[in-house]
Amino acid sequence: MEDIKVKSYEVYSYWLKNVDENSKKELELYKGNDKEIIDRFYRDLEFGTGGMRGKIGTGSNRMNSYTVARATQGFADYLKQEKN
């Protein structure tokens, strides 16, 4: 469990430095809240057979513009590779 907590806080810190101001304000509400930070950052939101599904909010384990952009870029990279 300690490894998950450490990883979650590392990802949380990265997001705090690299997101827009509205997302940063949301994340700052969770400072010191281990349960919330771990739930939002212990993994990347999964892409399954039904697409991406998850709670909406800020974090790597949430549906938001950052996770959708990441999935879209991955799909574009795949299509580009298949074309060649």
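Placed above this text is the structure.
Residues numbered from 1 in each chain as written. Predicted model: local features only at pLDDT ≥ 70, side-chain atom pairs only at ≥ 80, totals over all residues. Heavy atoms only, no water.

## A short note on the side chain of Arg 62
- Following the sequence through the fold, Arg 62 ends up in the loop between β2 (51–52) and α4 (65–83).
- With relative accessibility at 4%, the residue Arg 62 sits in the buried group.
- Within the structure, the side chain of Arg 62 is placed 2.7 Å from the side chain of Asp 39, a separation counted as a polar contact.
- Non-local contacts of Arg 62, meaning those with residues more than four positions away in its chain, are made with Glu 36, Asp 39, Arg 40, Leu 45, Lys 55, Ile 56, Gly 57 and Thr 67. (Helix = DSSP H or I, 4+ residues; strand = E, 2+ residues; numbered from the N terminus. Buried < 20%, exposed > 50% of the residue type's maximum accessible area, 1.4 Å probe, protein only. Polar contact = N/O pair within 3.5 Å; in protein donor to acceptor, adjacent residues only side chain to side chain. Contact = heavy atoms within 4.5 Å.)

## Remarks on the packing of helix α1 (residues 2–18) against helix α2 (residues 21–28)
- α2 packs onto α1 with a crossing angle of 145° between their chain directions and a minimal axis gap of 8 Å. As α1 packs across α2, the resulting crossing turns out to be left-handed. Where α1 approaches α2, its residues Tyr 12, Trp 15 and Leu 16 are matched on the opposing element by Lys 24, Leu 27 and Glu 28.
- Considered class by class, the residues forming the contact of α1 with α2 number four nonpolar, no polar and two charged. (Axes fitted to C-alpha atoms, helices over the stretch in contact; angles between N-to-C directions. Left-handed = near helix turned anticlockwise from the far one by under 90°. Nonpolar A, V, L, I, M, F, W, Y, C, P; charged D, E, K, R; others polar.)

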